[in-house]
Amino acid sequence: MKNQTPRQLAFIVAGLTALLSSIVVLLLSAVGIFKISFWLILLNFVVVFLASYFILLFYLERFLYRKIKLIYKRIADRKSPKKEDREKLDMDKDLIGEVNEQVEEWAEEQAKELDLMKRTEAYRKEFLGNVSHELKTPIFTISGYLETLLDGALDDPIKRRDYVFKANKGIDRLNRIVQDLETISELEGDRLILDVTTFDIKELTEEVFEEIEHIADMRDVLLEIKKGTDGKFMVKGDRDKIRQVLINLLTNSIKYGKDGGRTGVGFYDMASNILIEVADNGLGIAESDLPRLFERFYRVEKSRNRDFGGTGLGLAIVKHIIEAHNQSINVRSLIGEGSTFGFTLEKA
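Rules behind the numbers
Residue numbers run consecutively from 1 along every chain, following the written order of its sequence. Given that this is a predicted model, residues contribute local features only at a pLDDT of at least 70 and side-chain atom pairs are listed and counted only at 80 or more, while totals for whole chains, interfaces and linings are drawn from all residues. As a convention, hydrogens and water are excluded, and side-chain values are obtained from all of the structure's heavy atoms. Salt bridge criterion: a side-chain nitrogen from Lys or Arg within 4 Å of a carboxyl oxygen from Asp or Glu. Put simply, DSSP H or I for four residues or longer makes a helix, DSSP E for two residues or longer makes a strand, and each gets a number counted from the N terminus. With a 1.4 Å probe rolled over the protein chains alone, any residue whose accessible area is under 20% of its type maximum counts as buried; one over 50% counts as exposed, and the rest are partly exposed. In this text, buried Ala, Val, Leu, Ile, Met, Phe, Trp, Tyr and Cys residues form a nonpolar core when linked through side-chain atoms within 4.5 Å. The contact criterion used throughout is that any non-hydrogen atoms of two residues lie within 4.5 Å. Buried and open spaces are told apart on a 1 Å grid over the protein atoms alone, a cavity being a set of points where a 1.4 Å probe fits but cannot get out and a pocket being an open set with protein on both sides within 12 Å along at least five of seven lines. Residues with an atom within 4 Å of a point are the lining residues. Grid points are joined across faces, edges and corners, and a volume is the space filled by probe spheres set on the points. Whenever a helix is involved, its axis is fitted only over the stretch in contact; in every case the axis is a line through C-alpha atoms, and angles between N-to-C directions fall within 0 to 180 degrees. Oblique is the label for any angle not covered by the other classes, which are roughly parallel (under 35 degrees), roughly antiparallel (over 145) and roughly perpendicular (65 to 115). Crossings are sorted by hand: turned counterclockwise from the far helix by less than a right angle, the near helix makes the crossing left-handed, and turned clockwise it makes it right-handed. Just so you know the grouping, Ala, Val, Leu, Ile, Met, Phe, Trp, Tyr, Cys and Pro go in nonpolar, Asp, Glu, Lys and Arg go in charged, and all remaining residues, Gly too, go in polar.

Q: Could you give me a rundown of the pattern of salt bridges, with the residues and numbers involved?
A: In the structure shown here, the tally under the stated rule is 13 salt bridges. One salt bridge connects Glu-203 with Arg-239, and the closest N-O pair in it is separated by 3.7 Å. Taken together, the residues span a long stretch of sequence, with Glu-203 in helix H5 (residues 201–211) and Arg-239 in helix H7 (residues 239–255) at a distance of 36 residues. Residue Glu-203 is classed as partly exposed on the basis of its relative accessible area, which comes to 41%. Among the ionic pairs, Glu-207 bridges to Arg-239, the shortest N-O distance being 3.0 Å. In this pair, Glu-207 sits in helix H5 while Arg-239 sits in helix H7, placing the two residues 32 residues apart along the sequence. Through salt bridges with shared partners, one network takes in Glu-203, Glu-207, Glu-211, Arg-239 and Arg-243.

See below:
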């Protein structure tokens with residue numbers, strides 16, 4: 001009787017009850033207790049069957065409504081906040097099987113939520129540890145130089161100027177971390193308001209080239225627009241925010257590039273979108289690092305990143321800005337061959 005609906009179950013039990021009742025009547029008639037005709041035996045079968053069927057169906061409905069259906073209703077309420085009419089039972093359905101499926105689905109969802117909570121908690125702990133570490137480094141540097149000055153270096157004009165300059169660099173780094181944290185908080189809190197305009201993404205890229213040219217010159221990195229993509233590419237977006245995206249991607253390319261290398265930006269027509277790719281021929285990124293590349297404070301090569309003054313928040317900000325435009329960003333990379341970051345913007 002597995003996977004039977006209430007009506008089917010009531011029908012089977014009522015049939016067995018009526019059959020048993022008819023057999024008893026036949027036996028009593030056979031031993032001569034009383035004589036009964038075939039039609040009366042048939043009438044007995046029908047009456048017992050109908051009575052048993054409706055009585056069983058009534059109690060099954062009450063039992064399912066009060067017990068099993070209550071479980072189903074609670075699970076359904078948790079899965080969907082919408083109020084639906086669950087007062088009437090459909091006795092033609094396999095309610096026990098349906099409830100079993102719902103319980104299994106609910107248990108699976110709870111397991112996934114628990115796993116997500118554990119991963120979120122681990123990520124939160126890691127993030128707090130990273131924040132404290134990132135803040136501690138410039139604070140320790142500033143404190144060290146100031147203590148040295150107070151211990152007597154103030155009297156030495158050369159040391160005084162040098163230490164004040166280095167302490168000021170630490171303060172600048174601290175400011176950058178705080179500003180990036182504020183930006184991340186704004187982006188993740190859905191408080192970002194985009195000033196969407198139409199602009200030429202190639203023209204904006206050339207402006208950014210000029211802005212970071214001094215950084216590229218430090219490592220003799222050539223910044224170029226890829227051949228075949230030197231036309232106009234009009235897009236819709238927040239120009240200042242996309243400028244920030246390009247600055248982050250291009251400076252990262254220089255940091256992880258190689259001396260005397262090159263970084264090229266290409267533009268490709270993708271029907272309703274324009275694909276922008278920033279590619280270098282630098283060190284490349286290990287495949288194991290790619291899934292976490294856009295996490296806050298995640299660094300592929302920590303020492304080098306700090307040497308260039310990075311906060312570890314640049315790519316996380318880039319991802320949030322692109323997603324705020326309802327677009328996507330991706331990365332592909334090979335060790336020793338370089339990396340390519342690509343994002344899309346709506347075509348104007």
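Back to the text.
Q: Can you lay out the nonpolar core for me, pointing to particular residues and giving the numbers?
A: Ile-201, Ile-242, Ile-276 and Phe-343 are the most contacted members of the largest nonpolar core, which has 43 residues in total. Mapped by element, the contributors of at least two residues to this core are helix H4 (157–188), H5, H7, strand E4 (262–270), strand E5 (273–280), helix H9 (314–324), strand E6 (329–334) and strand E7 (338–347). Ile-242 has contacts with Phe-199, Ile-201, Leu-204, Ile-321, Ile-322, His-325 and Leu-345, leaving out every residue within four places of it along the chain. In terms of nonpolar packing, the next biggest core, distinct from the first, is built from 7 residues, Ala-18, Val-48, Phe-49 and Leu-57 among them.

Q: Got a sec to walk through empty space enclosed by the protein? Specific residues and values, please.
A: One pass over the structure, following the stated rule, counts 1 cavity of 30 Å³ or more. Val-221, Ser-253, Gly-257, Lys-258, Gly-261, Arg-262, Thr-263, Asp-280, Asn-281 and Gly-282 are the residues that line the largest cavity.

Q: Outline unusual backbone geometry, supporting the account with residue identities and numerical values.
A: Of note, the phi angle at Asp-220 is positive, near 55°, even though the residue is not glycine. Looking at the secondary structure, you find Asp-220 in the loop between helix H6 (213–218) and strand E2 (222–225). For Asn-326, which is not a glycine, the phi torsion comes out positive at approximately 60°. Note on placement: Asn-326 falls in the loop between H9 and E6.

Q: Describe the packing of H4 against H9, listing the residues and the values that go with them.
A: When two helices pack together, you describe them by how their axes are tilted relative to each other and by the distance separating the axes. One way to put it is that H4 packs onto H9 with a least axis distance of 10 Å and a crossing angle of 30°. What the angle tells us is that H4 and H9 run roughly parallel. Relative to H9, the crossing made by H4 is left-handed. Each of Asp-180, Thr-183, Ile-184, Leu-187 and Glu-188 in H4 lies in contact with H9, whose residues at this interface are Ala-316, Ile-317, His-320 and Ile-321. Residue composition of the contact of H4 with H9, grouped by class: 5 nonpolar, 2 polar and 2 charged.

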